[in-house]
Amino acid sequence: AFGSAGAEIVVEDFLDGEEASFFAVVGGGKAIPLVGAQDHKRVGEGDTGLNTGGMGAYSPAPVLTPALEARVMKDIIQPTVDGMAAEGCPFTGVIFAGLMIEGDDVKLLE
C-alpha cells in the first residue's frame, strides 16, 4: 500500500526520560503557565507490562518542578508566542507542549 516508503526507517535520536504535557494560557502576547500533567503509559505498577499509550492521567506532574516550568516558559512557550506574533499570527488560547524530560534536560516533542 505504501510502496517503498516503508522500506527504510530513520531513527534520529532515542529519547529517554519521562513525557509530560505542559499547558499555558496565552493572550496579548503574554503566556501564563497552567499545571502540567502526565499519563500512565504501561499497565502495572513500576512501569511493567504493555504500553497503553496513556490509560489515565495525573496532575500535577512531579517531573515538572518550578525550575523546569520556568525554563519551559522562557525557552519554549514564550519564544513560540513571540514567533507567531512576529509572523502575523498572534495566538490567543491554550497552548500545549509535549515534553520529554530527563533530569534537567527537556526536549520539545510536539
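Scroll up to find the structure this text is about.
Cut-offs and rules
- Residues numbered from 1 in each chain as written.
- Predicted model: local features only at pLDDT ≥ 70, side-chain atom pairs only at ≥ 80, totals over all residues.
- Heavy atoms only, no water.
- Pairing = 2+ DSSP bridges.
- Helix = DSSP H or I, 4+ residues; strand = E, 2+ residues; numbered from the N terminus.
- Axes fitted to C-alpha atoms, helices over the stretch in contact; angles between N-to-C directions.
- Expected span 1.5 Å × (residues − 1).
- Bend = angle between axes of the 7 residues up to and from the residue.
- Buried < 20%, exposed > 50% of the residue type's maximum accessible area, 1.4 Å probe, protein only.
- Contact = heavy atoms within 4.5 Å.
- Patch = residues over 30% accessible without salt bridge, like charges linked within 9 Å, V, L, I, M, F, W, Y side chains within 5 Å.
- Areas by Shrake-Rupley, 256 points an atom, 1.4 Å probe, with all protein chains shown as cover.
- Salt bridge = Lys/Arg side-chain N within 4 Å of Asp/Glu carboxyl O.

**A look at the sheet that holds strand E1 (residues 18–27)**
And step 1. Read from one edge to the other, the open sheet built from four strands follows the order E2-E1-E5-E6, with strand pairing classed as antiparallel. Looking at strand neighbours, the two that pair on one side only are strand E2 (30–33) and strand E6 (105–108), the edges of this open sheet. With direction set aside, neighbouring strand axes in the sheet form an average angle of 40°.

**Quick look at helix H1 (residues 66–86)**
And step 1. Over its 21 residues, H1 runs 28 Å from end to end, which matches the ideal 30 Å to within 8%, given 1.5 Å per residue.
And step 2. At Met-73, H1 shows its largest kink, close to 40°.
And step 3. Residues of H1 that are buried: Leu-68, Val-72, Met-73, Ile-76, Ile-77 and Val-81.
And step 4. Considering only its buried residues, H1 is in contact with E1, E2, strand E5 (93–102) and E6.

**Let's talk about the pairing of E2**
And step 1. Pairing of E1 with E2 involves four bridges; the strand directions are antiparallel. Bridge pairing links Val-26 to Ala-31 in E2.
And step 2. The turn linking E1 back onto E2 is made up of two residues, and Gly-28 within it adopts a positive phi angle of 60°.

**A look at a nonpolar patch on the surface**
And step 1. A cluster of nonpolar side chains, namely Val-25, Ile-32, Leu-34 and Val-94, defines an oily patch on the protein surface of about 340 Å² accessible area.
And step 2. Positionally, Val-25 belongs in strand E1.
And step 3. Judged by relative accessible area, which is 38%, Val-25 ranks as partly exposed.

**Quick look at unusual backbone geometry**
And step 1. Residue Pro-60 is bonded to the preceding Ser-59 through a cis peptide linkage, with omega at 5°.
And step 2. Along the chain, Pro-60 turns up in the loop between strand E4 (57–58) and H1.

**Some thoughts on the environment of Ala-97**
And step 1. With respect to the helices and strands, the residue Ala-97 is situated in strand E5.
And step 2. On the basis of relative accessibility, which here comes to 1%, the residue Ala-97 falls in the buried class.
And step 3. For Ala-97 and Gly-3, which are 94 residues apart along the polypeptide, the C-alpha to C-alpha distance reads 33 Å.
And step 4. Excluding its chain neighbours within four sequence positions, the residues that come into contact with Ala-97 are Ala-20, Ser-21, Phe-22, Ile-77, Leu-108 and Glu-110.

**A closer look at the pattern of salt bridges**
And step 1. Tallying each qualifying case throughout the model produces three salt bridges.
And step 2. The salt bridge involving Arg-71 is made with Asp-75; its shortest N-O contact spans 3.7 Å. With Arg-71 and Asp-75 both in helix H1 and four residues apart, this pair spans about one turn of that helix.
And step 3. As a salt-bridge pair, Asp-105 and Lys-107 come within 3.0 Å of each other at their nearest N and O atoms.
And step 4. A residue is classified by how much of its surface remains accessible, and Lys-107, at 32% relative accessible area, is partly exposed.
And step 5. Through salt bridges with shared partners, a single ionic network connects Arg-71, Lys-74 and Asp-75.

No statement about biological role is implied by the geometric values presented.
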